[in-house]
Amino acid sequence: MSQNIYDSIPFFESYSKYPRMEKGLAGASEWPLLETMLPPSLVSKTVLDLGCGDGWFSRWALDQGAKAVCAMDVSKNMLSRARALSPPDQYSGITFRQVDMDIEVLSEKLDPEEEAAYDVAFSGLALHYLVNLEAALRQVFRSLSPGGLFVFSVEHPIFTAPQRPGFNKKTGAGAAQGQQDWPLSSYFAEGEREVNWLGAPVRKQHRTISSYLKALRTVGFEVVVVDEWGVSEDDSRKHPDWPNDGGIPRFLLISAMKRVDAADSL
Ligand SMILES: C[S@@+](CC[C@H](N)C(=O)[O-])C[C@H]1O[C@@H](n2cnc3c(N)ncnc32)[C@H](O)[C@@H]1O
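Here the structure is a predicted model, which is why all the values come from computation and not from measurement.

Basis of the calculations
- Residues numbered from 1 in each chain as written.
- Predicted model: local features only at pLDDT ≥ 70, side-chain atom pairs only at ≥ 80, totals over all residues.
- Heavy atoms only, no water.
- Near = heavy atom within 4 Å.
- Polar contact = N/O pair within 3.5 Å; in protein donor to acceptor, adjacent residues only side chain to side chain.
- Areas by Shrake-Rupley, 256 points an atom, 1.4 Å probe, with all protein chains shown as cover.
- Nonpolar A, V, L, I, M, F, W, Y, C, P; charged D, E, K, R; others polar.
- Buried < 20%, exposed > 50% of the residue type's maximum accessible area, 1.4 Å probe, protein only.
- Helix = DSSP H or I, 4+ residues; strand = E, 2+ residues; numbered from the N terminus.
- Contact = heavy atoms within 4.5 Å.
- Pairing = 2+ DSSP bridges.
- Axes fitted to C-alpha atoms, helices over the stretch in contact; angles between N-to-C directions.

Student: What is the right way to read the site of the ligand from this model?
Tutor: As a matter of local geometry, the ligand sits amid 21 residues, with Ser 2, Arg 20, Gly 51, Asp 73 and Met 101 nearest to it. With respect to the ligand, the side chain of Arg 20 contributes an N or O atom lying 2.8 Å from an oxygen atom. Within the backbone of Gly 51, a nitrogen or oxygen atom sits 2.7 Å from a nitrogen atom of the ligand. Against a free-state accessible area of 590 Å², the protein chains account for coverage of 97% of the ligand. Across the shell around the ligand, the residue classes break down as twelve nonpolar, five polar and four charged.

Following this line, the structure appears as structure tokens:
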């Protein structure tokens, strides 16, 4: 069972001021990189948006010609914002569902028509909240048609690793430019981390990069692209609250494919 912190009103209000909530894909730092990992065309595709937030990716997918989008999130706040931003006269192709991905991704009694029904699955910064990642990945694998692609971003494991995360003032090179250090520790100690974020105790799950890759391969995916996003010099996609970190990876991005010859793993 997930924490569902986005249904806490003060947390949701603070998060609503974040660029990806105010500007959608224009405010999502890692979006330009994620976009290159998606299929070149979404025309007539069926799409899953996992942890859809306010639905900016779902609307974009429909605008690109997707036939239908199933967008799911555990948070009622997020889903009501998503519905308000997606008027039915324009976005009737999006179905929003309240789903805790730690419990289920698709319905328990999977409609045979829903099995292998999606061409593309997407998830922006949601999977690092899941305790049962492998079970969710298995469901995503099952829901994709052969040849289907799963593209996602998560907080970079360098960020989720420390038990007591926080930047330090730099003392050596870069100190004069106001750079700060991110002390890395506990990288191989996977599991829950509780961090103070936007004034709330937020629970996330730390996994190593190799764990993400292993989990994908275990459920049957072929990993296609592994990439990382971090702030580069003069980067307009830097979050305004972030310190000058001297260029460390912020997000991990992965695409994985259900091979055409893949036997369903369930
Ligand atoms: C950082 S926001 C990202 C939203 C959006 N995908 C984006 O890229 O901007 C994380 C989202 O994941 C959702 N989420 C977290 N845990 C979840 C779970 N167990 N099941 C479904 N959604 C979850 C949250 O409610 C929130 O909307």
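There's plenty left to go through after this.
Student: What exactly am I supposed to notice about helix H7 (residues 133-143) here?
Tutor: At 3.6 residues per turn, the α-helix brings residues three or four places apart onto the same side. With eight of its eleven residues buried, H7 lies for the most part within the structure. Of all the residues in H7, the buried ones are Leu 133, Ala 136, Leu 137, Gln 139, Val 140, Phe 141, Arg 142 and Ser 143. Contacts made by the buried residues of H7 are with strand E1 (46-50), strand E4 (118-124), strand E5 (144-155) and helix H9 (209-219).

Student: Looking at this structure, how should I read the sheet that holds strand E11 (residues 249-257)?
Tutor: Pairing between sheet strands relies on hydrogen bonds along the backbone, with the strands arranged either parallel or antiparallel. A sheet is described by the order of its strands in space; here seven strands give the open sequence E3-E2-E1-E4-E5-E11-E10, paired in mixed fashion. The open sheet is flanked by strand E3 (94-98) and strand E10 (222-230), the only strands paired with a single partner. The sheet shows a mean angle of 15° between the axes of neighbouring strands, taken without regard to direction. Sheet analysis places E10 next to E11, joined by eight bridges and oriented antiparallel. Within the sheet, the bridge partner assigned to Gly 230 lies in E11 and is Pro 249. Contacting E1, strand E2 (68-73), E3 and E4, helix H4 (residues 56-63) runs over the sheet at an angle of about 175° to E2.

Student: Even after reading the chapter, I still don't get the side chain of Ser 16, so can you show me in this structure?
Tutor: Residue placement: Ser 16 occurs in the loop between helix H1 (9-15) and helix H2 (19-22). In terms of polar contacts, Ser 16 uses its side chain to reach the backbone carbonyl oxygen of Phe 12, at 2.6 Å. When neighbours within four sequence positions are excluded, Ser 16 is seen to be in contact with Met 21, Glu 22 and Arg 81.

Any functional reading would require information that these geometric values do not contain.
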